[in-house]
Amino acid sequence: IHRHNDKAKHRAMLVVLVLLVPLGYLVTVGVQASQVPMIHDISTDRDNPPAPVALLARRGADANPLDYSAAVATAQAAAYPDIQPLYLSGEPQQALARAQQAARALGWHVVDVDAAAGRLEATDTTFWFGFVDDIVVRVVAEGERSRVDVRSVSRVGKGDVGKNAARIRAFLQQL
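Note that the coordinates shown come from a computational prediction; the quantities given were computed from them, not determined experimentally.

## Considering the side chain of arginine 147
Tracing the chain through its elements places arginine 147 in strand β6 (residues 145–154). A polar side-chain atom of arginine 147 sits 2.6 Å from a polar atom in the side chain of aspartate 149. If near-sequence neighbours (up to four positions away) are discounted, arginine 147 is found in contact with Asp45, Pro85, Leu86, Tyr87, Arg138, Val139, Val140 and Glu142.

## A look at the pattern of salt bridges
Close approach of charged atoms allows side chains with opposite charge to pair. This structure, assessed with the given rule, holds 12 salt bridges. Of the charged contacts, one joins arginine 138 and aspartate 45 as a salt bridge, the two residues approaching to 2.8 Å between their closest N and O atoms. Of the two residues, arginine 138 is situated in strand β5 (residues 132–142) and aspartate 45 in the loop between β1 (41–43) and α2 (56–59); the sequence distance between them amounts to 93 residues. For arginine 138, a relative accessible area of 16% corresponds to the buried category. On the basis of relative accessibility, which here comes to 10%, the residue aspartate 45 falls in the buried class. One continuous salt-bridge network, built from bridges that share partners, spans Asp45, Arg138, Arg147 and Asp149.

## Some words on unusual backbone geometry
Backbone geometry places valine 161, a non-glycine residue, at a positive phi of 55°. One can find valine 161 in the loop between β6 and α5 (163–174).

## Some remarks on the side chain of serine 43
Relative to the elements of secondary structure, serine 43 occurs in strand β1. Residue serine 43 is classed as buried on the basis of its relative accessible area of 0%.

## Some words on a nonpolar patch on the surface
Together, Phe127, Trp128, Phe129, Phe131 and Val156 give the surface a local cluster of nonpolar side chains, amounting to about 610 Å² of exposed area. Mapped onto the elements of the fold, phenylalanine 127 is located in the loop between β4 (119–125) and β5. The exposure class assigned to phenylalanine 127 is exposed, which follows from its relative accessible area of 71%.

## A closer look at helix α3 (residues 70–79)
Among all positions in α3, only Val72, Ala73 and Gln76 are buried. Down the axis of α3, the sector holding all buried residues measures 100°, keeping them to one side. The outward face of α3, more than 90 degrees from its buried face, is lined by the exposed residues Ala70, Ala71, Thr74 and Ala78. Lining the buried residues of α3 we find β1.

Definitions and cut-offs
- Residues numbered from 1 in each chain as written.
- Predicted model: local features only at pLDDT ≥ 70, side-chain atom pairs only at ≥ 80, totals over all residues.
- Heavy atoms only, no water.
- Helix = DSSP H or I, 4+ residues; strand = E, 2+ residues; numbered from the N terminus.
- Polar contact = N/O pair within 3.5 Å; in protein donor to acceptor, adjacent residues only side chain to side chain.
- Contact = heavy atoms within 4.5 Å.
- Salt bridge = Lys/Arg side-chain N within 4 Å of Asp/Glu carboxyl O.
- Buried < 20%, exposed > 50% of the residue type's maximum accessible area, 1.4 Å probe, protein only.
- Patch = residues over 30% accessible without salt bridge, like charges linked within 9 Å, V, L, I, M, F, W, Y side chains within 5 Å.
- Areas by Shrake-Rupley, 256 points an atom, 1.4 Å probe, with all protein chains shown as cover.
- Arc of directions from axis to C-beta.

So, in structure tokens, the structure goes:
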């Protein structure tokens, strides 16, 4: 009887642990969500965010709209003032090649690279729920350097719990 009770206790503890891990994750996500604005579209260029071309066909009819409004720009500027364009020395083609390397290093699925347009399009899938987010990188010449702008937009959901801003920060750091 004593062994049976020990097994039952161990099984009960295991069940509690298995339930606590997802619960803890949900609480963490809830806290994070309360600390960031309810937006799902982040760009280093709040006046003219890079627009997807190749990704449009993959987004689906139910995907979030790609309208980057003044209200979103204001909320982003307040919450993520550090999300700014990156300037690199050299030609845009070199910067675009570096962007492609950085995207792959981060595990993004590169969908299209249009060297003539200076645009890279990729997707990234979130770990826990498998949400697919779209990323557009635009590289243009600005004087003797290249300006790199990045946009990361969630296909679903009203908010992103800060994931798109974190993705852009990681990309710019990698670049």
